[in-house]
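What follows is each chain in one-letter form.
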Amino acid sequence: MSSLSMASPTPVTISPKTRLSPILKSSFSGIRICRTCSTRVFPQLTQSGRGRSASSVVMMAKREEEMKEIRAKTTEEINEEVVDLKGELFMLRLQKSVRNEFKSSEFGRMRKRVARMLTVRRERELEEGIGKRQSRKFDRLWKKSIVVRPPPSLKKLQEEEAAAEAAEAEKST
């Protein structure tokens, strides 16, 4: 069943067998055709009408806990972790390009964590009264001062390889 509503407040209902004839040379463009469908009631909706299920409440609690953890850090620690996470993102992109196995969900998780950290850093700047223009200037200076270093996952991998080589050398002697 389709419904046709024009400028009048009452919709005109047309059965599927009836066809609309094309209107030639008309300046009227206010026709809206839509299909009527039955409304569904989703069981996970709460009484307030919001669609929060138990899993989304748990995720929000984890997010709030993570934000508390980030806010407990100093600005320097936040900057260091942002650099580390960006290095990890780079490593994930390399793994993707080489077609190694990796968790694609890590991209979103890391990007969101970086965004949360930068948000906390910006909140602190606002508390200090630093404006948008000054903040961007500080960001440029901070980015120039970053010393490139391998991300923690690569360091861990190198340490594991060195330990494996040491164990192998120990066995051969």
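As recorded in an unreviewed UniProt entry, the protein goes by the name Large ribosomal subunit protein uL29c, listed as coming from Tripterygium wilfordii. Regarding the protein, the relevant UniProt record gives this comment under Sequence similarities (unreviewed entry): "Belongs to the universal ribosomal protein uL29 family." In its Subcellular location (unreviewed entry) section, the UniProt record describing the protein reads: "Plastid, Chloroplast".

A closer look at the packing of helix H1 (residues 54–71) against helix H3 (residues 105–128)
Running from N to C, H1 and H3 cross one another at 50 degrees; their axes reach a closest spacing of 10 Å. The angle between H1 and H3 falls in the class oblique. Read as a crossing pair, H1 and H3 show a hand that is right-handed. Judged by residue contacts, Arg63, Glu66, Met67, Glu69, Ile70 and Arg71 of H1 engage Arg113, Arg116, Met117, Val120, Glu123 and Arg124 from H3. Each residue belonging to the contact of H1 with H3 can be placed in one class, and the counts come to 4 nonpolar, no polar and 8 charged.

A closer look at the pattern of salt bridges
Tallied over the full model, the rule gives 9 salt bridges. Taking the shortest distance from any N to any O, the salt bridge between Glu69 and Arg113 comes out at 3.4 Å. With Glu69 in helix H1 and Arg113 in helix H3, this pair connects stretches of sequence that are 44 residues apart. A residue is classified by how much of its surface remains accessible, and Glu69, at 43% relative accessible area, is partly exposed. Lys73 is the partner of Glu81 in a salt bridge, and the nearest nitrogen-oxygen pair spans 2.1 Å. Judged by relative accessible area, which is 18%, Glu81 ranks as buried. You can call Lys73 buried: its relative accessible area is 17%.

Comments concerning the confidence of the model for the protein
Taken as a whole, the protein shows an average pLDDT of 77; of its residues, 69% reach a score of 70 or greater. Within the protein, no element has a lower average pLDDT than strand E1 (residues 2–5), which sits at 51, and none a higher one than H3, at 93.

A few points about the packing of helix H2 (residues 75–98) against helix H5 (residues 152–172)
Closest axis-to-axis distance for the H2/H5 pair is 8 Å, and the angle between their directions is 70 degrees. It follows from the interaxial angle that H2 and H5 lie roughly perpendicular. Two secondary-structure elements touch here, H2 through Asp84, Glu88 and Met91 and H5 through Pro152, Ser153 and Leu154. Among the residues making up the contact of H2 with H5, the classes are represented as 3 nonpolar, 1 polar and 2 charged.

Comments concerning the side chain of Glu66
If you trace the backbone, Glu66 turns up in helix H1. Within the structure, the side chain of Glu66 is placed 2.9 Å from the side chain of Arg116, a separation counted as a polar contact. Setting aside chain neighbours within four positions, we find Glu66 in contact with Arg113 and Arg116.

Re a positive patch on the surface
On the surface, Lys132, Arg133, Arg136, Lys137, Arg140 and Lys144 cluster together to form a positively charged patch. The exposed category is assigned to Arg133, whose relative accessible area is 76%.

Focus on the packing of aromatic side chains
Under the definition given, this model contains 1 aromatic pair. For the ring pair Phe102 and Phe107, a centre distance of 5.7 Å and an interplane angle of 90 degrees mean the geometry is edge-to-face. Take Phe102: its relative accessible area is 28%, and that puts it in the partly exposed class. Judged by its relative accessible area of 13%, Phe107 is buried.

Rules and cut-offs
- Residues numbered from 1 in each chain as written.
- Predicted model: local features only at pLDDT ≥ 70, side-chain atom pairs only at ≥ 80, totals over all residues.
- Heavy atoms only, no water.
- UniProt positions renumbered as here; feature names shortened; annotations may be inferred.
- Axes fitted to C-alpha atoms, helices over the stretch in contact; angles between N-to-C directions.
- Helix = DSSP H or I, 4+ residues; strand = E, 2+ residues; numbered from the N terminus.
- Parallel < 35°, antiparallel > 145°, perpendicular 65-115°, else oblique.
- Left-handed = near helix turned anticlockwise from the far one by under 90°.
- Contact = heavy atoms within 4.5 Å.
- Nonpolar A, V, L, I, M, F, W, Y, C, P; charged D, E, K, R; others polar.
- Salt bridge = Lys/Arg side-chain N within 4 Å of Asp/Glu carboxyl O.
- Buried < 20%, exposed > 50% of the residue type's maximum accessible area, 1.4 Å probe, protein only.
- pLDDT = per-residue confidence, 0-100.
- Polar contact = N/O pair within 3.5 Å; in protein donor to acceptor, adjacent residues only side chain to side chain.
- Patch = residues over 30% accessible without salt bridge, like charges linked within 9 Å, V, L, I, M, F, W, Y side chains within 5 Å.
- Areas by Shrake-Rupley, 256 points an atom, 1.4 Å probe, with all protein chains shown as cover.
- Lys, Arg positive; Asp, Glu negative; His and termini not counted.
- Charge placed at Lys NZ, Arg CZ, Asp CG, Glu CD.
- Phe/Tyr/Trp six-rings, centres within 6.5 Å; stacked < 30°, edge-to-face > 60°.

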